[in-house]
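Fold and contact review
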Amino acid sequence: MADNRTGAADAAVMIDEDESTFEAPQRGSADELLDVGAHAPIDAMRHSTAHVMAEAVLELFPDAKLGIGPAIDNGFYYDFALPRPLTPADLDAVEERMRASVRSDHAFVRKEVPFAEGRALEERHGQSFKVEILDDLAKKAADAGGDVPTTTFYEHGPFIDLCKGPHVESTGHIGPFKLLAVAGAYWRGDEKRPMLQRIYGTVWETQEELDQYLWRREEAKKRDHRKLGVQLDLFSFHDVAPGSAFWHPKGWRLYQTLRDAMRGLQDRRGYEEVYTPPLVHQKLWEQSGHWAHYRDNMYLVDVEGQTFSLKPMNCPESSFIYRSRLRSYRDLPLRLAEYGVLHRNELSGVLSGLTRVRHFVTDDAHIFLRPEQIASEIEALMGEIREAYSWFGLTPTLTFGTRPDKALGDIDTWNETEAIMRTELERSGLEYRVKAKDGAFYAPKIDIQITDALGREWQTATIQVDRVMLPEQFDLWYIDEEGRQQRPVAIHRAIYGSLERFIGVLTEHFAGAFPLWCAPVQAVIIPIADRHVDAARELAGELRTGGLRFVEVDESDNRMQNKIRLAQGQKVPYMLILGDREIEARSAAVRRRGAAKDEPQEILPWAELAERLGAEVRERRLA
Ligand SMILES: [Zn+2]
Ligand SMILES: [Zn+2]
C-alpha cells in the first residue's frame, strides 16, 4: 500500500488533511465500514474473494463474528473475531475451502431487504458487529430526519453478507488467489474495542500476475529499508524516540552526501541557505493559521507559562527573514533554502521506519518573486527536478493539483497562475497528470512522484505557487520600478522532500546497493596478508586524493574470501585486492559489487584506479 504522505513541509498539506475529513467517510464510521473498497474494475473481484474467504472461515469456525472485508491495493482482507489465534495450517484450510467455493461457481445475488428484516437476520446469525453498523446507519438517518435505510445483502451459495457491492457475477469469476498473512486489527480502528484477526489475501486475473505480485512482495521484504538499515549499519529506531531515526556513521554519510549534492545545485541556482528556530511561540501559528487547523499535529511546549510549538514546517518563519528589510524588485527572486528540523505529531500506530516519522528535515525552500517571474522560475524548477532525480537514474512523474472548491484568493489570479504552470509543465517534457481541485487551498501545486525498481509509486515532494498565504497573511511586499508597493509571489518548493523518507525510498529502490557517488562505503581494500596492510593504507590515501570519500581497509585477520563476502554483504561498490604481485606493480585486482565468482578480475594501476573512480563519483555515474 503506497504511503502517499508528502515529505514537503508545507501548510498545504495541513489544510488538505484537515479538509479531507469533510469528504471522505469518517474513520470507523458505518459509512466507511460499508465501503467495500471497490473503486477499480478488478476491485469487485477482490472484494468478492473476501466474501468467499468469510464463507470458508465460517465453515471452519461457525461462531466467527464478521467485521468488514474490503478490497485494498493488490487484494483484500476480512476481519474476524475468532475463538483462538489462527495458524498457518488454518490459512491452508481456509484456502482449500475457498477453492471449492470457486469451483462450485455460486452466483452472487443482490438482495434488498427492509431494515428491520436485515437487522433481524444479522442478529439471528449472531453477527453483532454487523448489527452495530446497521444501528449506526439507522441513528444517522434518524438524526438527519430521514427514514431508516433499506439494507442490501449479497448472497452466494451458503453465505450472505451485509454489503453495498459491487460483486462479480459468480464465484467462478474469481481469479488465482493466495492468502498472505494474519494481523491484529481493532474493531473500527479503536483500541478500546475488541482486537480482531485480519486475514490478508491477494487475487489477480491471471496466474502470471499473481506470480509476479508474489515475487514483488518477497523482493520488497528483502529490500525493506528497516531491515537493510540494520544490516548495512545505517540507522536504527529506539522506543525512547518513536518515529525518529538514530543515524549511525554510515547512514549519516549517505544523508550528508545527498544534502551536499542538493546544496551544490542550490548554489548554482542562486539559493541562499537560512536557518530558523525549531521552537516557536503560539502567536506565530495563530497568524499562519496552523493554530486553528493543525494544532493537533504539533508538539506543544510550555515555556515560562507560554505555549510554544516545535515547528511542523518552515514557511511562516521564512517570511520573517523576507520582511527583515525593505525589498526592491531588484532583490527578486530571493531564494531562501532551509534544512530546518521539523516535528509532526503522528500517531504511534502509523509510524513506519523512515517513510512515516515524527522528526524529519526537508530540502525546503521559499522563493519570493515578482508575478512576471513565475514562468521562468517554474521552468528552472523543472530543471532542478530533472537534474536531481537523474542522479539516481529516476524519472519523476508529476501531478498538477488545481484550485479546490474552497480556495483563498481571487479566481482570475488562480487561473493566471495555473495557466503559467500548465505551460511550463508542457514545456518540461516530464510526464504529468492533472488532478482537478487537488491544489492547496491557497496555491496550485505540483507533486513529484517516482516509481521504484519494484514498480511502486512514492510521492516525494511538492512545489506550490502561493500568491495568498505567505504574501497576504504575513503582509509581504516589495517596491517596484515606479516606487509602488507590490505583493510578491511565494513558491514553496522541495525536490527530495523529507530526506528521511527519500533515503528510505532510495534504500529500497537500490536494495541497499547505492551508486558509487553516494555509497556510504565506496571501496574496501582487501590486503591478502598482514604484510600487505601498509600498501593498502597507501592506496586508500591515493583513492581519497582522487575524490573518493569513504574508503576502508579490511585489516581483520579474516581470509581473503571472507573479506570479499563481507564486503559483498555490505553492498560495497568496489573491492580492491592487494597481494605481493599487485603491490610490486603498484596495482590492485578490482572486483565490482555483484560480480560473478568466476568473473575475471581487472588489474589496474593505482593511479588509473584513483582517476577512474574519482570521475565516476564526480559525474555521479550510476554503474
Ligand atoms: Zn460485498
Ligand atoms: Zn512552505
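The present account deals with the structure reproduced in this document. Fair warning: this is a prediction, and the values are worked out from it, not measured in the lab.

**Things to note about the overall build of the protein chain**
Within the protein chain, the secondary structure is distributed over 20 helices and 29 strands. Taking all 623 residues of the protein chain together, the buried fraction comes to 53%. Measuring between centres, the 79 positive side-chain charges of the protein chain sit 3 Å from its 101 negative side-chain charges.

**A closer look at helix H20 (residues 606-618)**
Helix length check: H20 (13 residues) gives 18 Å between terminal C-alpha atoms against 18 Å at 1.5 Å per residue, within 8%. Those residues of H20 that are buried are in contact with helix H17 (533-546), strand E27 (574-578), strand E28 (587-592) and strand E29 (602-605). In the stretch just after H20, Arg620 is the one whose phi turns positive, near 50°.

**Thoughts on the sheet that holds strand E26 (residues 551-553)**
Spatial ordering of the open sheet is given by E26-E25-E27-E28-E29, a layout of five strands whose pairing is mixed. In this open sheet, the two edge strands, each paired with only one partner strand, are E26 and E29. The average undirected angle you get between the axes of adjacent strands in this sheet is 30°. Note that strand E25 (residues 523-527) and E26 share three bridges and pair parallel. Along E26, the bridge assignment pairs Ile525 with Val553.

**Section: the coordination of the zinc ion (ligand 1)**
Note on the zinc ion (ligand 1): its protein donors are His47 (NE2), His51 (NE2), Cys163 (SG) and His167 (NE2). The metal-donor distances range over 1.9 to 2.2 Å. Between consecutive donors of the zinc ion (ligand 1), the numbers of intervening residues give the motif H-x3-H-x111-C-x3-H. Taken together, the residues His47 in helix H3 (residues 41-60) and Cys163 in the loop between strand E6 (159-162) and strand E7 (177-186) connect sequence positions 116 residues apart. Note on His47: relative accessible area 3%, which makes it buried. Classification of Cys163 as buried rests on a relative accessible area of 3%.

**Some points on the packing of helix H9 (residues 249-268) against helix H16 (residues 499-509)**
Packed helices, taken two at a time, are described by the angle their axes make and the gap between the axes. Contact geometry of H9 with H16 gives a least axis separation of 11 Å together with a crossing angle of 110°. Comparing their axes, H16 and H9 come out roughly perpendicular. Here Leu254, Tyr255, Leu258 and Arg259 of H9 lie close against H16, whose contacting residues are Leu499, Glu500, Phe502, Ile503 and Leu506. For the contact of H9 with H16, the per-class residue count stands at seven nonpolar, no polar and two charged.

**With respect to the pattern of salt bridges**
Within the structure shown, the criterion is met by 49 salt bridges. Between Arg188 and Glu132 there is a salt bridge, with its nearest N and O atoms 2.6 Å apart. Of this pair, Arg188 sits in the loop between E7 and strand E8 (195-203) while Glu132 is found in helix H6 (residues 128-143), placing the two residues 56 residues apart along the sequence. With its nearest N and O atoms 2.8 Å apart, the salt bridge here joins Asp452 to Arg456. For Asp452, a relative accessible area of 5% gives the class buried. In the salt-bridge network here, residues are joined through shared partners; they are Arg269, Arg335, Glu377, Glu384 and Arg493.

**Considering the pairing of strand E18 (residues 397-401)**
Here E18 lies mainly inside the structure; five of its five residues are buried. Burial along E18 is two-sided: the face carrying Thr397, Thr399 and Gly401 and the face carrying Leu398 and Phe400 are both buried. Crossover handedness for the path E18 to helix H14 (residues 411-428) to strand E19 (residues 432-435): right-handed.

**So, the nonpolar core**
Core analysis: the biggest nonpolar cluster contains 78 residues, and Leu258, Phe392, Leu543 and Leu576 have the highest contact counts within it. For this core, the leading source of residues is helix H13 (residues 374-390), giving seven residues. Leave out the neighbours within four places in its chain, and Phe392 touches Leu258, Tyr496, Phe502, Leu506, His509, Phe510, Trp517 and Leu622. By size, the runner-up hydrophobic cluster in this structure holds 31 residues, among which are Met45, Phe61, Leu91 and Phe177.

What counts and how
- Residues numbered from 1 in each chain as written.
- Chains lettered and ligands numbered in written order.
- Predicted model: local features only at pLDDT ≥ 70, side-chain atom pairs only at ≥ 80, totals over all residues.
- Heavy atoms only, no water.
- Helix = DSSP H or I, 4+ residues; strand = E, 2+ residues; numbered from the N terminus.
- Buried < 20%, exposed > 50% of the residue type's maximum accessible area, 1.4 Å probe, protein only.
- Lys, Arg positive; Asp, Glu negative; His and termini not counted.
- Charge placed at Lys NZ, Arg CZ, Asp CG, Glu CD.
- Expected span 1.5 Å × (residues − 1).
- Contact = heavy atoms within 4.5 Å.
- Pairing = 2+ DSSP bridges.
- Axes fitted to C-alpha atoms, helices over the stretch in contact; angles between N-to-C directions.
- Donors = N, O, S within 2.8 Å, 3.2 Å for Na, K, Ca; no water.
- Parallel < 35°, antiparallel > 145°, perpendicular 65-115°, else oblique.
- Nonpolar A, V, L, I, M, F, W, Y, C, P; charged D, E, K, R; others polar.
- Salt bridge = Lys/Arg side-chain N within 4 Å of Asp/Glu carboxyl O.
- Right-handed = clockwise from strand over helix to strand, strands pointing away.
- Core = buried A, V, L, I, M, F, W, Y, C linked by side-chain atoms within 4.5 Å.

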